[in-house]
Amino acid sequence: MKRRIAAAALCLFAGAAAFAQPAGARADNEGPTGAPALQPTPCHGSGWADALRCYAIPVTGLQAGQVAELTVLVAPSLSEAHREPLYLLAGGPGQASSDLVKLLNPLRKINRERDLVFVDRRGAGRSQVFDCGLSDSPPADIERFVELLADCYQANPERPLALTSRQTVEDLEQVRMALGHEKISLWGGSWGTRTALLYQQWYPQSLQSLVLDGVAPIDSKVFLTAQAAEAALMELQQACSADPVCRGFGDWRNALDLILVNWDKASAVSFPDPFTGLPSEEPVESWMLANAVRTALYDPSVAAQLPFAIDQAAKGNLLPLSGIVGLFARLEGSMAMGLTFSVACAEELSRMQHDEILADAAGTFLGQAFVQPFVRGCAQWPVPSREYPVSEPRSHPVLLISGSADPITPPLYAEQALDHLENRQHLIVQGGGHINSTRGCIPDLMEEFLNSGGQPLDQACIADIQRPPFMAGMFGPSLKQELRQELRQEIQPQHNPESEVAASTEEAQQ
């Protein structure tokens, strides 16, 4: 179980990134640009019942010998409208786009008139994954993790050189041409937004529009995440204080600090396994626990459990907190560690100064718990620094999506670092975490944006997206209080209380 926590701790785009679809090529004799069409094979992806079209597309590298074969999954449009396809770019860096197939469910309306395309970048998913044997079960001990990472690099010193954002963009352009797509639109989540922004810089003529969720601007340093995580936790605390049930947990925010500060060896070895309730097989260190809280903030439904779980932990009952950790077991294997470190060390850690790390960590519950495994790992992963070019103005329609309580890519990133995007709109989901494309009316707004060529959207419906109710006890939220609030709202303006009670009860049962 502890290994699952370690895997989650090293994930930048963890837990909340499940929503997108692939844009498809055609299986007839000729593609839309006149290029010979590739022949797909039927395939399936996790979380989607219908068959997809799978392609194996050869791509060349920026240097001699850096050839590869990429796996591309396409969900063909359901109609003959054939709007430009939407390519879905995964985060991480190190997540596979093929893991996002389940997003076809909330984005099915978009799929009606356009193909949705998932391209597994080099080193991820079904494109010769480069995980160093660490993705499924990384050791919890940082020293051991760094040793295994160093062994992986020594065994593959040339491979990291081809795993860059520049190469990813070049590969994406080769895939576009191979599939015969004249222009494409891009959806990016978290780190995938940076890939999309770089594609916009280098291949503007191939691009129709962008949808960016959890925006990581090209110049931002997203691995400095402690202050963003602290701000997200403070927003959760404010929402809790306004809730009559949640505020009963008292100063759980201070309790979290005390738990982390006083976490000792005895606490680490006695932390219960979320699946058995018995002590974990390996110690759960404080840095893992802090990262578990950070990851919980990605998803509002999980964040709503934190006040209760922390309050219980302060009273000696670690089971609720262990249960939250167990929710991240599905993250196992979601990041290809060889790819993650190849990109992160060259393009993020190389730009970060020690003083910046200290300033970001100061006064936060997370401290350096997230960044330190990367700092130490990158010392054993000596890839050359990769500089990004200065962004030039671009006029493509761009839809930005943020959650106000995002612990890794806060709305501030989208507001202050994208002045070069001349035709942008920004949707902010109040109380939203990391990645909001599947929530409420956001899929409908995305469809309208793509179909209208970026016309201004009526954002009023976003106000209907609410935080999930806070956990009140071992059995979940306080349903009694929720019903009372609904009844008060329904009964007061009406003259037929009995029918309103029936309606409210019916709503509660749905």
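Anyway, here's the lowdown on the structure attached to this text. (Residues numbered from 1 in each chain as written. Predicted model: local features only at pLDDT ≥ 70, side-chain atom pairs only at ≥ 80, totals over all residues. Heavy atoms only, no water.)

A separate point is the overall build of the protein. Broken down by element type, the protein carries 19 helices and eleven strands. When each of the 510 residues of the protein is scored for burial, the buried share is 56%. Taking the intrachain contacts of the protein between residues at least 6 apart in sequence as the baseline, contacts between residues at least 24 apart amount to 77%. As displayed, the protein has an accessible area near 20,700 Å², and 50% of this comes from carbon and sulfur atoms. (Helix = DSSP H or I, 4+ residues; strand = E, 2+ residues; numbered from the N terminus. Buried < 20%, exposed > 50% of the residue type's maximum accessible area, 1.4 Å probe, protein only. Contact = heavy atoms within 4.5 Å. Areas by Shrake-Rupley, 256 points an atom, 1.4 Å probe, with all protein chains shown as cover.)

Next up on the list: the nonpolar core. Core analysis: the biggest nonpolar cluster contains 114 residues, and V72, Y87, L186, F223, F341, F365 and W381 have the highest contact counts within it. With residues near it in sequence (within four places) discarded, F365 still touches A229, E230, L233, R253, L256, D257, L260, A290, V293, R294 and L297. One finds A75, I442, L445 and L450 within the second-largest nonpolar core, a separate group that totals 32 residues. (Core = buried A, V, L, I, M, F, W, Y, C linked by side-chain atoms within 4.5 Å.)

As a further point, take the pattern of salt bridges. Enumeration according to the criterion identifies 18 salt bridges in this entry. Of the charged contacts in the structure, one is a salt bridge between R144 and E147, with a shortest N-O distance of 3.2 Å. Taken as a pair, R144 and E147 lie in helix α3 (residues 142–155) at a separation of three residues, close to a single helical turn. With relative accessibility at 42%, the residue E147 sits in the partly exposed group. With a closest N to O distance of 2.8 Å, E356 and K221 form a salt bridge. Here the residue E356 occupies a position in helix α14 (residues 354–361), and K221 occupies one in the loop between β7 (207–213) and α6 (226–241), the gap between them amounting to 135 residues. Ionic contacts of the salt-bridge type, sharing partners, join the residues R194, E348 and R351 into one network. (Salt bridge = Lys/Arg side-chain N within 4 Å of Asp/Glu carboxyl O.)

Attention now moves to the packing of aromatic side chains. Here a ring pair, both rings aromatic, is described through the centre-centre distance and the interplanar angle of the planes. The tally for this structure, following the rule as stated, stands at twelve aromatic pairs. Centre to centre, the rings of W191 and F223 are 6.4 Å apart; their planes meet at 90°, and the pair counts as edge-to-face. Of this pair, W191 sits in helix α5 (residues 191–202) while F223 sits in the loop between β7 and α6, and the two are 32 residues apart along the sequence. For the pair W191 and F223, a shared accessibility class is recorded, and that class is buried. When the ring of F370 is compared with that of F374, the centres are 5.4 Å apart and the planes differ by 50°; the resulting orientation is tilted. Look at F370 and you get buried, because its relative accessible area is 1%. (Phe/Tyr/Trp six-rings, centres within 6.5 Å; stacked < 30°, edge-to-face > 60°.)

A separate point is helix α11 (residues 306–314). Counting buried residues along α11, eight of its nine residues qualify, which places the element largely inside the surrounding structure. Buried within α11 are the following residues: L306, P307, F308, A309, I310, D311, Q312 and A313. Residues of α11 that are buried in the fold lie against α6, α7 (252–261), α9 (286–296), α10 (300–303), α12 (319–326) and β10 (471–473). Where α11 ends, the next residue or the one after it, G316, has phi of about 100°, a positive value.

A separate point is the sheet that holds strand β5 (residues 114–119). The nine strands lie next to each other as β1-β2-β3-β5-β4-β6-β7-β8-β9, forming an open sheet whose pairing is mixed. In the strand order of this sheet, the two ends are held by β1 (41–45) and β9 (424–429), each with one partner. Averaged over all pairs of adjacent strands, the angle between their axes in this sheet comes to 25°, without regard to strand direction. Two strands pair when backbone bridges link them, and strand β3 (residues 68–75) and β5 are joined in this way by four bridges, in the antiparallel orientation. Along β5, the bridge assignment pairs A75 with L116. Running at roughly 160° to β7, helix α17 (residues 442–452) makes contact with β4 (83–89), β5, β6 (184–189), β7, β8 (398–403) and β9 of the sheet. (Pairing = 2+ DSSP bridges. Axes fitted to C-alpha atoms, helices over the stretch in contact; angles between N-to-C directions.)

Moving on to the state of the cysteines. Taken as a whole and assessed by the stated rule, the structure comprises five disulfides. Bridging C43 to C54, the disulfide has an S-S length of 1.9 Å. Because the torsion about its S-S bond is 85°, the bridge between C43 and C54 counts as right-handed. Taken together, the residues span a long stretch of sequence, with C43 in strand β1 and C54 in strand β2 (residues 48–59) at a distance of eleven residues. (Disulfide = S-S within 2.5 Å.)

Now for the packing of α11 against α12. Closest axis-to-axis distance for the α11/α12 pair is 7 Å, and the angle between their directions is 135°. For the element pair α11 / α12, the angle class is oblique. Contact residues: L306, F308, A309, Q312 and A313 in α11; P320, L321 and I324 in α12. Looking at the contact of α11 with α12 residue by residue, the classes come out as seven nonpolar, one polar and no charged. (Parallel < 35°, antiparallel > 145°, perpendicular 65-115°, else oblique. Nonpolar A, V, L, I, M, F, W, Y, C, P; charged D, E, K, R; others polar.)

Mapped onto the fold, L224 is located in the loop between β7 and α6. Residues L224 and A361, 137 residues apart in the sequence, show an inter-C-alpha distance of 8.1 Å. Apart from residues no more than four positions distant in its own chain, L224 is found in contact with M352, E356, I357, D360 and Y413.

To continue, consider unusual backbone geometry. In this structure, the amide linkage connecting G92 to the following residue, P93, adopts the cis form with an omega of 0°. Relative to the assigned elements, P93 resides in the loop between β4 and α2 (108–111). A positive phi is found at Q128, a non-glycine position, where the angle reads about 50°. Topologically, Q128 is positioned in the loop between β5 and α3. The exposure class assigned to Q128 is partly exposed, which follows from its relative accessible area of 41%. The phi angle at I435 is positive, at roughly 85°, despite the residue not being glycine. If you trace the backbone, I435 turns up in the loop between β9 and α17. Residue classification places I435 among the buried positions, given a relative accessible area of 6%.

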